[in-house]
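Breakdown of the fold
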Amino acid sequence: MPRIANLYFKTAIIFLIAGISVGLHMSISGNHAPTGAHAHANLLGWVTMALFGVYHALNPRKAEKRLAMIQYVVYTFGVAVLIPSLYLLLSGNAAMEPIVAISSLIAFAGVLMFAVIIFSGSEAAVPASASAIR
């Protein structure tokens, strides 16, 4: 498996743990104000990163490109800053709004970079020799 795919899976599980922890904290405290942070940790962190990992595992030639690692760093940084700042914002700390906005734009830039990875080149997910067997 390509290194980048493994990194995405490891990062995704960390965000799943964080998302579940936020959900447990909300449930125990009875304060559901930071629900958005819980949802973002699970969707942008766990689900999206796991899907990025699957794509790279299925497309190892694209996973080896420098852009793939740059995209990983940009997206991961954006999401890693977004989740706690959104949690604090939704918990009443209005000063976090600019940080939420900037980190959202950084995460979005990571998504746009992933789109470039997907649409660049024509490397097949399955090698031609394997598809001829079908």
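Residues numbered from 1 in each chain as written. Predicted model: local features only at pLDDT ≥ 70, side-chain atom pairs only at ≥ 80, totals over all residues. Heavy atoms only, no water.

1. A few points about the packing of helix 2 (residues 35-58) against helix 5 (residues 97-119)
Filter applied, for reference: To get an axis, fit a line to the C-alpha atoms, keeping to the stretch in contact for a helix; angles then go from 0 to 180 degrees between the N-to-C directions. Secondary structure elements follow DSSP: runs of H or I of four or more residues count as helices, runs of E of two or more count as strands, with numbering from the N terminus. Here roughly perpendicular refers to angles of 65 to 115 degrees, roughly parallel to angles under 35, roughly antiparallel to angles over 145, and oblique to all remaining angles. Handedness of a crossing follows from how the near helix is turned relative to the far one, being left-handed for an anticlockwise turn of less than a right angle and right-handed for a clockwise one. We call two residues in contact when some of their heavy atoms are within 4.5 Å. For this classification, the nonpolar set comprises Ala, Val, Leu, Ile, Met, Phe, Trp, Tyr, Cys and Pro, the charged set comprises Asp, Glu, Lys and Arg, and every other residue, Gly included, is treated as polar.
Remark: helix 2 packs on helix 5, axes separated minimally by 12 Å, with the N-to-C direction vectors making an angle of 25°. With respect to their mutual orientation, helix 2 and helix 5 come out roughly parallel. Relative to helix 5, helix 2 is oriented so that their crossing is left-handed. Contact residues: helix 2 offers Phe52, Tyr55 and His56, while helix 5 offers Phe114, Ile117 and Ile118. Across the contact of helix 2 with helix 5, the residue classes tally to 5 nonpolar, 1 polar and no charged.

2. A look at the packing of aromatic side chains
Inclusion rule: Whether two aromatic rings pair depends on their centres lying within 6.5 Å, for rings of Phe, Tyr and Trp, where Trp uses its six-membered ring; planes under 30 degrees apart make the pair stacked, over 60 edge-to-face, and the rest tilted. Categorising residues by exposure relies on relative accessible area from a 1.4 Å probe, with only protein chains included: less than 20% of the type maximum marks a residue as buried, more than 50% marks it as exposed, and the intermediate range marks it as partly exposed.
The final tally for this structure, using the stated rule, is 5 aromatic pairs. Between tyrosine 8 and phenylalanine 52, the ring centres sit 5.3 Å apart and the planes meet at 75°, which makes this aromatic pair edge-to-face. Here tyrosine 8 is found in helix 1 (residues 3-29), whereas its partner phenylalanine 52 is found in helix 2, with 44 residues between them in sequence. We classify phenylalanine 52 as buried; its relative accessible area is 6%. Given the relative accessible area of 0%, tyrosine 8 is considered buried. Among the aromatic residues, those joined into a ring-pair cluster are Tyr8, Phe52, Tyr55, Tyr72, Tyr75 and Phe114.

3. As for a nonpolar patch on the surface
The cut-off we apply is this: Residues with no salt bridge and a relative accessible area higher than 30% make up the patches, which join like charges within 9 Å and nonpolar side chains (Val, Leu, Ile, Met, Phe, Trp, Tyr) within 5 Å. For accessible areas, the Shrake-Rupley method is used with a probe of radius 1.4 Å. Any residue's cover is judged against the shown protein chains and nothing else. Put simply, a salt bridge is a Lys or Arg side-chain nitrogen that is within 4 Å of an Asp or Glu carboxyl oxygen.
On the surface, Ile13, Ile14, Ile17, Leu43, Trp46, Val47 and Leu51 cluster together into a nonpolar patch covering about 650 Å² of accessible area. Taken together, the elements giving at least two residues each to the nonpolar patch come down to helix 1 and helix 2. Top contributing element to the nonpolar patch by residue count: helix 2, with 4 residues. Following the sequence through the fold, leucine 43 ends up in helix 2.

4. Regarding the packing of helix 1 against helix 2
Interhelical geometry of helix 1 versus helix 2 gives an angle of 160° and a closest axis separation of 8 Å. Accordingly, the angle class assigned to the pair helix 1 and helix 2 is roughly antiparallel. When you trace helix 1 past helix 2, the crossing you get is left-handed. Of the residues that constitute the contact of helix 1 with helix 2, the class distribution is 18 nonpolar, 9 polar and no charged.

5. Let's talk about the UniProt feature "transmembrane region" (unreviewed entry) in the protein
Spelled out, the test is: UniProt positions are given in the numbering used here, feature names are shortened, and annotations may be inferred rather than shown by experiment.
In the numbering adopted here, UniProt assigns the feature "transmembrane region" (unreviewed entry) to residues 7-28, 40-58, 70-87 and 99-119. Here residues 7-28 runs as 100% helix and 0% strand, with 32 Å between its end C-alpha atoms. Segment residues 99-119 splits into 100% helix and 0% strand. End C-alpha atoms: 30 Å apart.

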